[in-house]
Amino acid sequence: QQQVKQSPQSLIVQKGGIPIINCAYENTAFDYFPWYQQFPGKGPALLIAIRPDVSEKKEGRFTISFNKSAKQFSLHIMDSQPGDSATYFCAASPNWNTDKLIFGTGTRLQVFP
Amino acid sequence: GAGVSQSPSNKVTEKGKDVELRCDPISGHTALYWYRQSLGQGLEFLIYFQGNSAPDKSGLPSDRFSAERTGGSVSTLTIQRTQQEDSAVYLCASSLGGRQPQHFGDGTRLSIL
C-alpha cells in the first residue's frame, strides 16, 4: 500500500520524440507527487511536482498529468533532447508525514540524436 | 559549496569490516535523509532526521545499520560487519522539511569485496 509502481524500466526515443513515464499508487493518503531527474554519477534533483487538486502541470518541456480517480500520474517530455537522457524517478508523499517521500523504481531514458 | 556534501565519494572495503559514511547537509536544512541505491534499482529509504525529533529508522535493513546526526547538522551512517549485499550507492539528502525539495549529494559508492 505504500509502494509507488513506475513503468517502463527503460525507454529509448529519438530526438524530438515525447517519452511518457507512468506511475501508479494505491494509498489515497498520498497527496504530493514530485518527479526527480538523476544524471549518471550525480544525486537526483527535483524536476517538477504536482498536487492532486490539479490534473496537469507544465514547466518548460516537462508536463505532469494526474488522474486522481485512477491513482495514476505520468511525466511527458515534449521535444525531447539528448541532454534529457537520465534516470527519472516518480515519488509520492503521504499526508500523515509530509517530510517523507516514497520513490518509484526509476526509468532510464535515452534520447538519441 | 552550497550543496549537500558526502564523503568519501568511493569506498572499497573487505567483508566484515565496519564503514562510516559522512553527510554534510545544506546549512539551515532541518531534515536529513539517507537512501540506498543498488545497481539499476530505485531509491530505498533508510532513515531520516527532522529537527530534534526522534529519527525515523523504519527503513534500516538490519541492526548492522545505524546513523547519527550531531548538532542538527552533520550525519554519519555506520554499517557494521559489512556484507557483499551492502554494496550500493548511499545517498544523503537534506531539505527544509515538509514538501520542500530534497537536495541530494552525489553519494558514496560502497563496494564490499
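This one's a predicted model, so the numbers in the text were calculated from it and none came from an experiment.

Colleague: Even after reading the chapter, I still don't get the overall build of chain B, so can you show me in this structure?
Modeller: The secondary structure content of chain B amounts to zero helices and 10 strands. For 113 residues, the compact-globule estimate of 2.2 N^0.38 gives 13 Å, and chain B sits close to it at 13 Å. Dimensions of chain B, computed from C-alpha atoms along their principal axes, come out at roughly 35 × 30 × 25 Å. A buried classification covers 49% of the 113 residues belonging to chain B. Accessible area for chain B stands at about 5500 Å²; split by element, carbon and sulfur atoms hold 44% of it. Treating the 11 positive side-chain charges of chain B as one cloud and the 11 negative ones as another, the clouds have centres 1 Å apart.

Colleague: What am I meant to see in the nonpolar core here?
Modeller: A general feature of soluble globular proteins is that nonpolar side chains tend to end up buried together. Grouped together as the largest cluster of nonpolar side chains are 25 residues, with contacts concentrated most on A:Val4, A:Phe33, A:Trp35, A:Phe73, A:Leu75 and A:Tyr88. Only β2 (10-14), β3 (20-25), β4 (30-38), β5 (45-50), β7 (62-67), β8 (72-77), β9 (86-94) and β11 (107-112) of chain A provide two or more residues apiece to this core. In this structure, B:Val4, B:Cys23, B:Leu32 and B:Phe49 belong to the second largest nonpolar core, which totals 20 residues.

Colleague: Quick question: what am I supposed to make of the state of the cysteines here?
Modeller: Formally, a disulfide is one covalent bond, and it connects the sulfur atom of one cysteine to the sulfur atom of another. All names here are of chain B. Within this structure, the stated rule accounts for two disulfides over all chains. Shown here is the disulfide that connects cysteine 23 with cysteine 92, its sulfur atoms set 1.9 Å apart. Judged by the sign of its S-S torsion, about -65°, the bond between cysteine 23 and cysteine 92 is left-handed. Separated by 69 residues along the polypeptide, cysteine 23 in strand β3 (residues 19-24) and cysteine 92 in strand β8 (residues 88-95) bring together distant segments of the chain. Considered together, cysteine 23 and cysteine 92 belong to a single accessibility category, that of buried residues.

Colleague: Would you take a moment to explain the sheet that holds β8(A) for this structure?
Modeller: Strand pairing in a sheet takes place through backbone hydrogen bonds and is either antiparallel or parallel in direction. All names here are of chain A. As summarised here, the arrangement of the five strands in space is β1-β3-β8-β7-β6, forming an open sheet in which the pairing is antiparallel. Looking at which strands have only one partner, the edges of the open sheet turn out to be β1 (4-7) and β6 (56-59). On average, adjacent strands in this sheet sit at an angle of 15° to one another, irrespective of strand direction. Across six bridges, the pairing between β7 and β8 is antiparallel. In the strand pairing of β8, phenylalanine 62 is matched with isoleucine 77.

Colleague: Help me understand the sheet that holds strand β7 (residues 75-79) of chain B in this model?
Modeller: All names here are of chain B. Overall, antiparallel pairing links the four strands, which are arranged β1-β3-β7-β6 in an open sheet. Edge strands, defined here as strands with exactly one partner in the open sheet, are β1 (5-7) and β6 (65-69). With strand direction ignored, the average angle separating the axes of adjacent strands in the sheet is 15°.

Colleague: I'm lost on the environment of B:Leu110 in this one. Help?
Modeller: Residues and elements named next belong to chain B. Tracing the sequence through the fold places leucine 110 in strand β10 (residues 108-112). Among the residues examined, leucine 110 registers a relative accessible area of 1% and is labelled buried. A sequence separation of 46 residues divides leucine 110 from arginine 64, and the C-alpha atoms of the two residues are 15 Å apart. With residues near it in sequence (within four places) discarded, leucine 110 still touches Lys11, Thr13, Val19, Ile79, Asp86, Ser87, Ala88 and Tyr90.

Colleague: Mind showing me how you'd approach the packing of aromatic side chains here?
Modeller: Any two aromatic rings considered together are summarised by their centre-to-centre distance and by the angle between their planes. All names here are of chain A. On inspection of all chains with the given rule, the structure shows 18 aromatic pairs over all chains. Seen in terms of ring centroids, phenylalanine 33 and phenylalanine 73 are 4.8 Å apart; in terms of plane orientation they differ by 50°. Their pairing is tilted. Pair noted here: phenylalanine 33 is in strand β4 and phenylalanine 73 is in strand β8, with a separation of 40 residues, a long-range link. An identical accessibility class is assigned to phenylalanine 33 and phenylalanine 73; each is buried.

Colleague: Teacher, can you tell me more about the interface of chain A and chain B here?
Modeller: A common way to express how large an interface is: the accessible area buried when the components associate. Counting residues at the interface gives 22 residues for chain A and 20 residues for chain B. Interface area, chain A with chain B, both sides summed: about 1700 Å², of which 45% is carbon and sulfur. The interface formed by chain A and chain B contains three salt bridges. Our enumeration of links across chain A and chain B arrives at 14 residue pairs in polar contact (both at pLDDT 80 or more). Counting residues per element, the ones that place at least two in the side of chain A that touches chain B are β4 and β9 of chain A. Among the elements that take part in the side of chain A that touches chain B, β4(A) stands out by supplying four residues, more than any other.

About the thresholds
Residues numbered from 1 in each chain as written. Chains lettered and ligands numbered in written order. Predicted model: local features only at pLDDT ≥ 70, side-chain atom pairs only at ≥ 80, totals over all residues. Heavy atoms only, no water. Helix = DSSP H or I, 4+ residues; strand = E, 2+ residues; numbered from the N terminus. Rg over C-alpha atoms; globule rule 2.2 N^0.38 Å. Buried < 20%, exposed > 50% of the residue type's maximum accessible area, 1.4 Å probe, protein only. Areas by Shrake-Rupley, 256 points an atom, 1.4 Å probe, with all protein chains shown as cover. Lys, Arg positive; Asp, Glu negative; His and termini not counted. Charge placed at Lys NZ, Arg CZ, Asp CG, Glu CD. Core = buried A, V, L, I, M, F, W, Y, C linked by side-chain atoms within 4.5 Å. Disulfide = S-S within 2.5 Å. Pairing = 2+ DSSP bridges. Axes fitted to C-alpha atoms, helices over the stretch in contact; angles between N-to-C directions. Contact = heavy atoms within 4.5 Å. Phe/Tyr/Trp six-rings, centres within 6.5 Å; stacked < 30°, edge-to-face > 60°. Buried area = accessible area lost by both parts, 1.4 Å probe. Salt bridge = Lys/Arg side-chain N within 4 Å of Asp/Glu carboxyl O. Polar contact = N/O pair within 3.5 Å; in protein donor to acceptor, adjacent residues only side chain to side chain.

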